[in-house]
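Spelled out from the first residue to the last, the chains are:
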Amino acid sequence: MNVAIGCDHRGFHAKERIKADLAKAGHSVLDTGCTSRESCDYPDMGLAGACAVAEGNCERAILLCGSGIGMSITANKVRGIRAALCHDELTAEMSRRHNNANVLCLPADLIGEELMRRVVDIWLRTEFEAGRHERRLAKITEFEQNGRCGQ
């Protein structure tokens with residue numbers, strides 16, 4: 001699978017570990033930055049990772065920041081992206097099964113290395129269930145493309 005991975009300075013070390021795990025598992029990895037622990041702006045890397053998915057260059061993306069919240073907000077601004085902030089194995093699994101999340105956002109400061117590895121593994125392996133969930137996602141996509149609040 002082609003996976004983009006990006007982070008801000010607070011997620012840098014976790015990104016590097018996950019990137020190595022992804023490569024070891026045979027995934028192609030597109031690193032959208034950052035490249036050090038030097039302070040940076042998470043939207044730059046978050047948008048790059050989300051756009052890699054939206055433009056079809058990668059199948060999925062993993063984005064990390066301290067809480068995961070900034071990356072989640074950022075990625076979900078990109079048309080076609082369904083970013084999920086996950087803190088455990090169950091939220092990772094359900095984000096794929098029911099929501100077909102194509103971006104995983106992780107809180108580098110809040111969960112440990114082993115849990116993060118399990119979350120990534122489950123998220124990558126879990127397939128979308130489709131069925132009734134397709135109807136729900138279609139409503140979101142319709143609004144994303146044509147909707148306006150108050151209509």
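Residues numbered from 1 in each chain as written. Predicted model: local features only at pLDDT ≥ 70, side-chain atom pairs only at ≥ 80, totals over all residues. Heavy atoms only, no water.

Examining the nonpolar core
At step 1: Counting 41 residues, the largest nonpolar core has Ile18, Ile62, Leu64, Val103 and Leu106 as the members making the most contacts within it.
At step 2: Every element with two or more residues in this core is listed here: β1 (2-7), α1 (12-24), α2 (42-54), β3 (60-65), α3 (69-75), β4 (83-85), β5 (103-107) and α5 (113-125).
At step 3: When residues in this core are grouped by element, the largest group, six residues, is from α5.
At step 4: For valine 103, the contacting residues outside a window of four places in its chain are Val53, Ala61, Leu63, Ala75, Ile81, Arg82, Ala83, Ala84 and Trp123. (Core = buried A, V, L, I, M, F, W, Y, C linked by side-chain atoms within 4.5 Å. Buried < 20%, exposed > 50% of the residue type's maximum accessible area, 1.4 Å probe, protein only. Helix = DSSP H or I, 4+ residues; strand = E, 2+ residues; numbered from the N terminus. Contact = heavy atoms within 4.5 Å.)

Observations concerning the sheet that holds β1
At step 1: Reading across from one edge, β2-β1-β3-β5-β4 is the order of the five strands in this open sheet, with parallel pairing throughout. Two strands close off the open sheet at either side, each with one partner strand: β2 (28-31) and β4. Between one strand and the next, the sheet's axes are offset by a mean angle of 20°, whatever the strand orientation.
At step 2: Looking at chain direction, β4 and β5 are connected through three bridges and run parallel. Residue alanine 83 lies in a different strand from β5, and its bridge partner there is valine 103. (Pairing = 2+ DSSP bridges. Axes fitted to C-alpha atoms, helices over the stretch in contact; angles between N-to-C directions.)

Considering the side chain of serine 72
At step 1: The residue serine 72 is located in helix α3 in this model.
At step 2: Owing to a relative accessible area of 13%, serine 72 belongs among the buried residues under this scheme.
At step 3: The contacts of serine 72, once residues within four sequence positions are left out, are Ala83, Leu85 and Cys105.

Observations regarding the layout of surface pockets
At step 1: Empty space within the largest pocket amounts to approximately 150 Å³.
At step 2: As for the largest pocket, its lining consists of Asn76, Lys77, Val78, Arg79, Gly80, Ile81, Arg82, Ile140, Thr141, Phe143 and Glu144. (1 Å grid on protein atoms, 1.4 Å probe; cavity = no way out; pocket = protein on both sides within 12 Å on 5 of 7 lines; lining within 4 Å. Points joined across faces, edges and corners; volume = space filled by probe spheres on them.)

What to know about the confidence of the model for the protein
At step 1: Looking at the protein, the pLDDT average stands at 97 and 99% of residues meet or exceed 70.
At step 2: Taking the mean pLDDT of every element in the protein, the minimum, 94, falls on helix α6 (residues 132-146) and the maximum, 99, on β5. (pLDDT = per-residue confidence, 0-100.)

Here we look at the pairing of β1
Across a regular strand the side chains alternate sides, sitting on one face of the sheet and then on the other.
At step 1: Counting buried positions over the six residues of β1 gives five, a clear majority of the element.
At step 2: Where β1 meets β2, four bridges bridge the pair, whose relative direction is parallel. The residue of β2 that forms the bridge with asparagine 2 is serine 28.
At step 3: Between the parallel elements β1 and β2, the chain passes through α1 in a crossover that is right-handed.
At step 4: Bridging between β1 and β3 involves five bridges; their strand directions are parallel. Residue valine 3 lies in a different strand from β3, and its bridge partner there is arginine 60. (Right-handed = clockwise from strand over helix to strand, strands pointing away.)

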